[in-house]
2 protein chains.
Amino acid sequence: MKRHVLIFGLVGGLLIAALQYTEYRFVVIQHSVEIYGVLVAILFAAFGIWLGLRITRRRETVRETIVVREVLVPAAAPAPFAPNTARQQSLGITPRELEILALVARGLSNREIATQLFVSENTVKTHCARAFDKLGAARRTQAVQRGKELGLLP
Amino acid sequence: MKRHVLIFGLVGGLLIAALQYTEYRFVVIQHSVEIYGVLVAILFAAFGIWLGLRITRRRETVRETIVVREVLVPAAAPAPFAPNTARQQSLGITPRELEILALVARGLSNREIATQLFVSENTVKTHCARAFDKLGAARRTQAVQRGKELGLLP
DNA sequence: TCCAAAATCACTCAAAAGGATGACGACATC
DNA sequence: GATGTCGTCATCCTTTTGAGTGATTTTGGA
């Protein structure tokens with residue numbers, strides 16, 4: 001990607017140089033500024049379009065091979081899931097926080113969690129905030145994603 | 001698409017006009033041609049890039065050629081994930097909605113999603129609302145959970 | 001060319017979530 | 001007894017989400 005910027009700069013520089021050079025040679029031509037402006041505009045617009053195409057082309061190819069139907073050999077029993085206590089320890093996440101995190105991952109609202117655990121909504125929010133902080137998450141969706149990545153959640 | 005060309009022409013015309021106008025007002029300024037050239041170049045390059053992105057964005061979604069590939073997998077291999085298109089169809093979830101849902105699952109906020117997809121936050125919210133409705137979810141965490149259950153998300 | 005689905009955007013209002021901070025009691029440990 | 005952690009709860013304030021509506025634009029297909 002960095003190469004694009006380089007090429008971009010280069011082309012720009014050359015163009016300006018050419019502009020300046022020709023400016024001196026054909027000063028007599030009327031409306032030269034407008035003509036050059038249009039030329040530059042067209043050139044750069046085309047270049048931009050090309051660049052845009054080039055950047056996004058990669059994504060296309062990726063999109064094409066999506067569906068992979070796998071023919072499974074024996075069915076591996078879905079592991080009963082063991083929370084990664086080591087990671088939990090290292091992050092300093094308390095059991096209660098993890099418990100609430102799990103309910104967040106199940107899609108419950110703070111109020112629903114509070115009801116289910118017989119605590120106040122404020123308490124849930126506090127636990128959430130602390131857990132989010134320890135996970136480096138700003139949103140509950142992000143916290144859930146991180147939690148799964150780290151093996152804290154099923 | 002016709003509108004783009006129109007806007008393109010319009011902007012170009014205005015720019016040239018502005019160029020000409022200011023040219024007459026600030027003839028004293030040295031190197032004005034170069035400066036204006038650079039300005040025009042930058043503007044049009046940006047516009048071109050934007051246009052290029054916009055054009056290819058569509059092709060991306062359209063170009064969703066589904067390639068079904070059957071593979072024998074040893075049971076332990078983590079499946080590369082195949083979105084359950086049948087279920088998606090039956091629920092009436094559009095490709096765009098699923099795309100946004102995936103970003104929600106990754107923990108992005110609506111604003112971040114909007115930036116990443118070059119659309120307004122309002123649009124993201126609309127897609128979200130529709131997807132949530134189709135999934136029978138009231139919150140994004142719940143939608144993500146449902147989406148995973150239904151095999152729509154990895 | 002016309003139509004329907006999909007995608008886009010805007011606006012309002014209400015609810016949910018999040019950040020910051022302080023506080024209190026239970027409990028374990030030093 | 002002092003200290004520290006954990007769980008609990010609160011208040012204030014801001015941001016984010018979600019619901020409900022309506023509208024326009026694109027696009028693909030009949």
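Residues numbered from 1 in each chain as written. Chains lettered and ligands numbered in written order. Predicted model: local features only at pLDDT ≥ 70, side-chain atom pairs only at ≥ 80, totals over all residues. Heavy atoms only, no water.

As a further point, take helix H4 (residues 95–105) of chain A. Listed as buried for H4 of chain A are Glu 97, Leu 98, Ile 100, Leu 101, Leu 103, Val 104 and Ala 105 of chain A. The inward-facing, buried residues of H4 of chain A contact helix H3 (85–91), helix H5 (110–117), helix H6 (121–135) and helix H7 (140–149) of chain A together with helix H7 (140–149) of chain B. In the stretch just after H4 of chain A, Gly 107 of chain A is the one whose phi turns positive, near 95°. (Buried < 20%, exposed > 50% of the residue type's maximum accessible area, 1.4 Å probe, protein only. Helix = DSSP H or I, 4+ residues; strand = E, 2+ residues; numbered from the N terminus. Contact = heavy atoms within 4.5 Å.)

Here we come to the confidence of the model for chain A. Do not read the predicted coordinates in detail wherever pLDDT is low. Residues and elements named next belong to chain A. Taken as a whole, chain A shows an average pLDDT of 73; of its residues, 47% reach a score of 70 or greater. Confidence drops under pLDDT 50 across residues 1–7; counting only partners more than four residues distant or on other chains, this segment forms 6 contacts. Low confidence marks residues 55–68, where pLDDT is under 50. Its contacts with residues over four positions away, or in another chain, come to 25 contacts. (pLDDT = per-residue confidence, 0-100.)

On to the protein's contact with DNA strand C, then. Among the 20 residues in the neighbourhood of DNA strand C, the closest are listed as Arg 140 of chain A together with Thr 94, Arg 96, Ser 120 and His 127 of chain B. In DNA strand C, atoms within 4 Å of the protein come from the sugar-phosphate backbone in 68% of cases. The separation between a base nitrogen of DNA strand C and a polar side-chain atom of Thr 126 of chain B is 3.2 Å. Within the side chain of His 127 of chain B, an N or O atom sits 2.8 Å from a phosphate oxygen of DNA strand C. (Near = heavy atom within 4 Å. Polar contact = N/O pair within 3.5 Å; in protein donor to acceptor, adjacent residues only side chain to side chain.)

This brings us to the environment of Lys 148 of chain A. In this structure, Lys 148 of chain A sits in helix H7. Overall, Lys 148 of chain A belongs to the partly exposed group, its relative accessible area being 28%. C-alpha of Lys 148 of chain A to C-alpha of Ala 105 of chain A: the two residues are 43 residues apart in sequence and 9.1 Å apart in space. If sequence neighbours within four positions are ignored, Lys 148 of chain A has contacts with Leu 153 and Pro 154 of chain A together with Lys 148 of chain B.

Residues and elements named next belong to chain A. In contact at an axis separation of 8 Å, H5 and H6 are set at 110° when each is read in the N-to-C sense. The angle between the axes of H5 and H6 places the two elements in the roughly perpendicular class. In the crossing of H5 with H6, the sense of the turn from one axis to the other is right-handed. When H5 is examined against H6, the residues Asn 110, Arg 111, Ile 113 and Ala 114 are found in contact with a partner set consisting of Glu 121, Val 124, Lys 125 and Cys 128. Its residues assigned to classes, the contact of H5 with H6 shows 4 nonpolar, 1 polar and 3 charged. (Axes fitted to C-alpha atoms, helices over the stretch in contact; angles between N-to-C directions. Parallel < 35°, antiparallel > 145°, perpendicular 65-115°, else oblique. Left-handed = near helix turned anticlockwise from the far one by under 90°. Nonpolar A, V, L, I, M, F, W, Y, C, P; charged D, E, K, R; others polar.)

Our next topic: the environment of Lys 134 of chain B. Residues and elements named next belong to chain B. Mapped onto the fold, Lys 134 is located in helix H6 (residues 121–135). Relative accessible area serves as the criterion here: at 28%, Lys 134 is assigned to the partly exposed category. The spacing of Lys 134 and Ile 93 is 41 residues in sequence and 7.0 Å in space, taken between C-alpha atoms. Sequence-distant contacts of Lys 134, that is, excluding residues within four places in its chain, are made with Leu 91, Gly 92, Ile 93, Thr 94 and Glu 97. Separated by 2.7 Å, the side chain of Lys 134 and the backbone oxygen of Gly 92 make a polar contact.

We now examine the packing of helix H4 (residues 95–105) of chain B against helix H5 (residues 110–117) of chain B. Residues and elements named next belong to chain B. Direction vectors running N to C along H4 and H5 enclose 125°, while the axes themselves pass 10 Å from each other. With respect to H5, the axis of H4 lies oblique. Viewed along their axes, H4 and H5 form a crossing whose handedness is right-handed. Residues Arg 96, Glu 99, Ile 100, Leu 103 and Val 104 of H4 lie in contact with H5, whose contacting residues are Ile 113, Gln 116 and Leu 117. A breakdown of the residues in the contact of H4 with H5 according to their chemical character gives 5 nonpolar, 1 polar and 2 charged.

A few words now on the pattern of salt bridges. Pairing between side chains of opposite charge can happen when their charged atoms approach one another. What the rule picks out here adds up to 10 salt bridges over all chains. Residue Glu 112 of chain A pairs with Arg 139 of chain B through a salt bridge whose shortest N-O separation is 3.0 Å. With Glu 112 of chain A in helix H5 and Arg 139 of chain B in the loop between H6 and H7, the pair connects residues from two separate chains. In this structure Arg 139 of chain B comes out as partly exposed when scored by relative accessible area, which is 23%. Put simply, Lys 134 of chain B and Glu 97 of chain B hold a salt bridge, and the shortest N to O gap is 2.9 Å. In this pair, Lys 134 of chain B is assigned in helix H6 and Glu 97 of chain B in helix H4, connecting sequence segments 37 residues apart. (Salt bridge = Lys/Arg side-chain N within 4 Å of Asp/Glu carboxyl O.)

A separate point is the side chain of Thr 141 of chain A. Along the polypeptide, Thr 141 of chain A turns up in helix H7. Thr 141 of chain A has contacts with Val 104, Ala 105, Gly 107, Arg 140 and Thr 141 of chain B, leaving out every residue within four places of it along the chain.

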